[in-house]
Each structure stands twice: as C-alpha cells, then as structure tokens.
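Given next are the chains, with one letter for each unit.
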Amino acid sequence: DAIVGPIRSRLARRLGSELLAPLPAAKRPRIPLQVSRTPYFCSGCPHNTSTRVPEGTLVGGGIGCHSMVMFMEEQQVGHLTSLTAMGNEGAQWIGMSPFVEAQHLVQNLGDGTLFHSGLLAIRAAIASGVNITYKILFNGAVAMTGGQDPVGALPVEKLVKVLLAEGVKQVIITAEDTGRYRSVSLPPGVAVWERTRVVEAQQRLGAVLGTTVLIHDQRCAAELRRDRKRKRIPEPERRVVINERVCEGCGDCGEKSNCLSVQPVHTVFGRKTRIDQTSCNFDYSCLQGDCPSFATVRPARRRRKSVGQSLPVSDAIQPDRLDALIRDLRAPARALVPPDEFSVRLSGIGGTGVVTVSQMLGTAAMLDGFEVRGLDQTGLSQKAGPVVSDIRVSRRAAPASNKAGTASVDVLIALDLLVAASETHLAGASPDRTVVVGSSSATPTGKMVIHPYLPYPAEGALEARVGEVTRADSNLFVGAAALCRALLGDAASANVLVLGVAVQCGALPVRPESVEQAIALNGVAVETNLRAFRLGRAWADDRHRLDEAVRTAATGPVERETDPVSRFYDDLVAYQNRAYADRFLAVVRAVGEREAAVVPGSTALRDVVARELHHFMAYKDEYEVARLLLEPAAKRSAESVGGPGARVEWMLHPPVLRALGVERKIRLGRWATPLFVALRAMKPLRGRWIDPFGRAEVRRVERRLIDEYVDAVERLVSGLSVDTHAEAVAIASLASHVRGYEHIKLRHAAHFEAELAARLGDYAAPISAR
C-alpha cells in the first residue's frame, strides 16, 4: 500500500498512465476519534509506582516498558527530556547539563538494560561528575519482549555493592515488601523504604551531588500472573472490592494506583469505580485511594479457586444449566464470505489474548486443509494498547502476503471496537466486502482511569462508525464480556466467545470441530475456552435465549426498573426522612413543569437537576457511610467475589483519626458492625447543633452547596427558554464535578462554585448582549 503510488508514478513515465490500472478512489476523511487506546502499564505493574517523581522533575527515558511514560501525564511521570538508545541511559545528561537551568535529572533504567549495557552509562555519569539519580526498575524480567531472565543479573544486595564500588554516592531501595530485606546484609548507609516513599526517596537523592541510585524492587506483574497461572506460586486469597454506593467516582484511587483494573462504571447514582477482578494482579495500591468505599474480601473457607477466576462458581450460572445452553448446536450458517479464499483481521487490546485467538483460528484453518499465512503486529501493544493480527487463508496456493492490504479484509473480528474503529484498522475494510463480528463491551482506556470525566464513545457510536465502511446489514455485535462474566464467572474468555459467534454466523467458514481441536492444542484453560466458544455459537443461533440466561443467572436479585426521580426520593427518605426528601421532590417537580412548558417533550434539565441535587443532598458523612456499608447490596458485592460468608475488612480513614494525625487507613473487621449500626442510628443528629461531626469544614461546605445549587436552579428556571435550554442543562451539570471526600471534595467544590458563578453571570445576561 505504501509504495503503490511512487511505483505507479515511475511506470507512468514509460508506459503512460492509460496503460495502468486506475488507483482506487480516495476515502472520504472522517472526524477522528476523540478517545484512543494507547499502550499502558499492566494492572499491578511496578512501574505504576516506580515511575512517579517529585513535581517538576526532569526525566530521561530509555528502552523498556518504562518508555510508556511517553503516553502518560507529566504530573505523574515528570517532564520527559529524551529517549535514548539502549545502554545510553543518562549519557545524554552529560552533554545537556551545562546548558540547561535544571541541576538534576532522574534517569529511568530497567534491570534488563542495566545488566546488558546500562552499567557502562552509570560509570560514565560517575566519571563526568554530573548530578543524576538512576532509578533502577528492578522487576526481574525483560518484560517488554516476553519476560526473559535478564542475562548476567545480580541480586540486589550484590548490585548495591557494585554500584558503591563504582563511585555512586548514595543508594536507597524501595520495595513493596520490605520484609524480604530483614535477613539481607547491605552496606552501611543503604536504606530500605516502603514503595509508598518512592517520591520522597528521589527528593532525598536529588539533594546529593553526583551520581545516586534508587533501586525499586518489585517483581513484574505479568510474570507473577504467569506463575500463578502455571501453579508455581499460590494465588492470593485477599481481593479488593469497592462499595459503589459509597464511591464518589472522584478517580483518586486510579490516580494513586494508575491501575487498569480500577475501572469507571456508570450507575443510576452517577459515575462510580469498580475493580475488574479478571485483570486484577493483586497489587493493592488502589487501597491508598482517599475513600471509605474500599474493602478487602477473603473466602469464608480456605479453598483454592481456578487461576484468574473472579467470581466463585456459585455466582456464575451452574454448570448443568450452562451445558444445557450449549448442547445440540446447529450447523453454522451459510458462509458470508468466499469460502475458499478470505482474509481476516483481528483488532483488539494487547494482553487480552488477541494473538492467541489468531493462532487458534490459523491452526483451525490448517486443520481444514487451508494454506495459511499470518502477521501479528504488536510492538508495545501487549501492554493494553492496540494490536492487530492478519490471517490470509486460501485453498489454492499460499497467499502472496501475510498482511491484508487496503480494502482487502473479508472479516473484521473487532475484539475491541475502540481499536477496530481507528483509521489504521479500518483501512482494510470495504463497504461491499467486509463483514464485522465484534464485541460491544466497553473497556476503559488508561487515561480514563485517572481522568474520571473523560467519556467513552456513546453507545452505538463505534458500531455506526465501523458500519460506514463495512457491510453494515451483515455486521454482528455481542456483549462478550458481560456474557462471559455471567455465564462463566469472568471475562477472560470473551475473545474466544466472539470467535464462536463469527464461526456460527458464517463469517468464518471454518469447521467448529477444527476450532475446538485448535483450542485443545493450545492447552491453556481448555474447558473454559471450549465453553466460551460454544456459548458464542449458541448466542449466534438464539441470542434472546442467551441474553435471558444472563438476566436470570445467579448474580443476585434483579432490581426493579423505576423512574430515577422516584429512586432518588426513596433514597433520601432512607438517608434522612420524608420531609428532607419532599424538599428534593418540590425542586425537581418545579423544574420539570417549567421545562415541559418551554421545551415540550424534553426532560434533560429535570433529569440532570434530580441527579445532581440528590448527589448534594445525600452527602456521605459518617452516618451515611455506615448506612451504605450495612446495606444488603454491600454484602452481595462481597460475596460475589469471596463466596457465601466471605470475610470482609473495611478500609477506612475516619476524619476523627485523620485530625489526630493518623495518616493511614485502618482495617475494621466484622467486629466493627455494632459501631456502624450505632452510627446509622444517629442520623437524626445530622446538621443539628448536637451533631458531633457537623462542625468539620467539609460538612459545612456540603450543607452550603445544597442551598447554592437550589438557588442556581431557580435562576436557571426563571431564565429558561428554547435558546437557553442547552446552556441551562450544561450549568446544572457542573455539580457532577464535586466528588470525593475531605480535601478532594473541598478542592472540587471551590472550582465548582467559581465556575458556577461565572456561568450564571453569562446566563443571566440578555441574549442580545451575548
């Protein structure tokens, strides 16, 4: 594709353009996606902690997973000044330092590169006398290229001695488990700190003239996951659960952990946060989030569960019911693509098994007698970035190329629609050729973890975008992750389920028996993957039956659908009393009546005011947090992860203890239940002079925000017209930014009040003056 134009222009000089095949018409350019998927650190990756730096730090990049800081926010990972060749890390500072105002550089250096050639760069820095801190990311694996052992690696205690012998001025070690160093002999002056002090360690070393070293000792999360999968090490029993009603969706836990398993979820009560148990690597750094919604859960009885399983078997559909759903499957539908020669493109997220599914499909095609060629394009994409695998299949000669060119893809398997909808991946699609089978499940990007207000594309928008350049009438999309969670217990096999849908609907003319044989030959989670593949086939045959099975799966009672206003009203009655809820209802009704008169048929303003006023009125003080932690839904959430009778420990940082100087959360077990019951019963004291917690600054601000918001709504309603309706909705929505607890909420509240005042001033101005 890249050289067709240049070759054609040269041939035209000799042959004349009339003898050459015409170039395909240029595609109409489309609006770029506002959200893109970029490579990111794995869930629980040690780099989520180790790449943090003091504010304003200059950072040198290098070769390794840590180079993904290029895609991340400067306030998290520092100002990246350069990206050097392997083994050159820090040498660029020798030349730069005399010509810049900054006096110090922090240079990231992976242990694989360190033992390959990085020690030479450290030696050069020492000899030059520059002020630099080498941050050695000691994770025990060459993770970016498959997890190989670093050749020539030394244990940390020996490495420290080598560095000091070379002339390093000072060494500090940070680790997630400092207990490993209790019996380790280290040279005098070498400190071992908890990993939470990694920023403080860099500040300390930055004040030392010359070359210093920080060793961050934490094993690669991907390698830990592989070892658990291969039964080399046990899987931790302790899991993290977030109480979504207590959660404010402020994003602090995502900012603290930078973990892809801390995912946003949208509920009737607004944006919340949930731990994706399928991808969680048991790093537990999310617990540092300044929020009382976190709890840790352990099974009631010590019993091992299968690796990667996020739900106990009792909480997925029972095996006999599951087998009934996938029994007696019909033969696949008639082929939607040429059955003897076709090209397939799989677009998905790195690290989720895209290449594995590609290999399964290629193996199945070979077992069916096809000639097969394939190309997996990964790069950094194995770290949650975009990945594409092309497979070209023919019953005649082997395909000339293993890459599908422009407009040559017959089947697009969209394992992630956000990736598949990008221009790069859609380049192979054609409106009269390409059939799409994809997963409609939304997976947040890395930026969404730390930016709570960054939206995922609207439901159906990506499907429509893909449909513009493919055979939209034949495309098929399945909520693969939800199906797998409800029927299999987790979403690890979602990609295999999509493969089953594609085979059954005729998009992939390969025998199902050959695919199942390929799954068996792969040898990993064979029974689960076989069930996932058959579930995909069953969904393609009768999606309504499968969707009903999801709704009735043993995941707790199905909540009755109610009008959100009624639900908010009932919640405020439980929060305080009926009189308190009546105040809410009076405001919402007044807005609804005025909106219906001015903009008939619209409830946008009423709905926003109802949601945000409820959010302000149901502020989460000590009484409310206690009530929500005791709700039956909280118990169901814990048992969905730990099984019946799961042992729960709440992770709380009470404001009273915070005021006394306690800087960490405390762990409260079942013994603390009477305390929560007592706090819940004390809610009539809320806001009264006798309220023991009501004088705190955050409580006074929370009460003030209710009155300010009601006053703002009255001004919006008084000036409401067809022309001002959209602006009124936007101003009323500003309240959604007031999230979090304590200092986080106070900061957001100050921003909200300032912006509200400015926007209301413009809103009140006459239209002619705007």
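Position numbers for residues start from 1 in each chain and track the written sequence from start to end. Restriction of local features to residues with pLDDT of at least 70 applies here, the model being predicted, together with a cutoff of 80 or more for giving and counting side-chain atom pairs; totals for whole chains, interfaces and linings are based on all residues. To obtain the side-chain values, all non-hydrogen atoms of the structure were included, while hydrogens and water were left out.

> Account for the overall build of the chain, naming residues and giving values.
Only DSSP runs of H or I reaching four residues or more are called helices, and only runs of E reaching two or more are called strands; each is numbered from the N terminus. A count of helical and extended segments in the chain gives 30 helices and 19 strands. Scaling as 2.2 N^0.38, a compact globule of 770 residues should have a C-alpha radius of gyration of about 27 Å, and the chain matches this with 29 Å. Across its three principal directions, the C-alpha atoms of the chain cover 90 × 75 × 65 Å. By residue count, 51% of the 770 residues in the chain fall in the buried class. When checking whether two residues touch, look at their non-hydrogen atoms; a contact exists if any pair is within 4.5 Å. Intrachain contacts of the chain at a sequence separation of at least 6 include 74% that bridge at least 24 residues. Methods summary: accessible areas were calculated by the Shrake-Rupley approach with a probe of 1.4 Å, and residue burial reflects only the protein chains presented. A total accessible area of about 34900 Å² is found for the chain, and carbon and sulfur atoms account for 55% of it. What the globule rule says is 2.2 Å times the number of residues to the power 0.38, and the radius of gyration is computed from C-alpha atoms. Relative accessibility decides the category of a residue: with a 1.4 Å probe and only protein chains considered, values under 20% of the type maximum give buried, values over 50% give exposed, and everything between is partly exposed.

> I'd like to hear about the environment of E612, residue by residue, with values.
Mapped onto the fold, E612 is located in helix α23 (residues 604-617). On the basis of relative accessibility, which here comes to 3%, the residue E612 falls in the buried class. Excluding anything up to four places from it in sequence, E612 contacts Y709, A732, A735 and S736.

> With reference to specific residues and values, describe the pairing of strand β18 (residues 647-652).
Here, any two strands with at least 2 DSSP bridges between them count as paired. Strand direction decides the pairing type here: strand β11 (residues 294-298) and β18, joined by four bridges, are antiparallel. In the sheet register, A295 faces β18, and the bridge partner there is W650. One ladder, built from three bridges, connects β18 with strand β19 (residues 666-668); its direction is antiparallel. If you follow M651 over to β19, its bridge partner there is R667.

> Can you lay out the sheet that holds strand β8 (residues 239-242) for me, pointing to particular residues and giving the numbers?
Across the sheet, four strands lie side by side as β8-β11-β18-β19; this open sheet has antiparallel pairing. Looking at the sheet topology across the chains shown, the edges are occupied by β8 and β19. On average, each strand axis in the sheet is inclined to that of its neighbour by 35°, with strand direction left out of account. Relative to β11, β8 runs antiparallel, the two being bridged by four bridges. In the strand pairing of β11, V240 is matched with T296. Against the sheet, helix α25 (residues 632-642) touches β8, β11 and β18, its axis set at about 155° to β8. Orientation is described by lines fitted to C-alpha atoms, with helices fitted over the stretch in contact, and by angles between N-to-C directions that extend from 0 to 180 degrees.

> Describe the sheet that holds strand β15 (residues 411-414), with residues and values.
Where strands meet in a sheet, backbone hydrogen bonds hold them as pairs that are either parallel or antiparallel. Taken together, the six strands give an open sheet; going across it, the order is β13-β14-β12-β15-β16-β17, and neighbouring strands pair in mixed fashion. The open sheet terminates on both sides in strands that have one partner only, identified here as β13 (371-377) and β17 (476-478). Direction aside, neighbouring strands of the sheet carry axes that sit 10° apart on average. Helix α11 (residues 354-367) rests against β12 (341-349), β13 and β14 (386-394) of the sheet, and its axis sits at about 5° to β14. Lying over the sheet, helix α17 (residues 494-504) contacts β15, β16 (435-439) and β17, oriented at roughly 150° with respect to β16.

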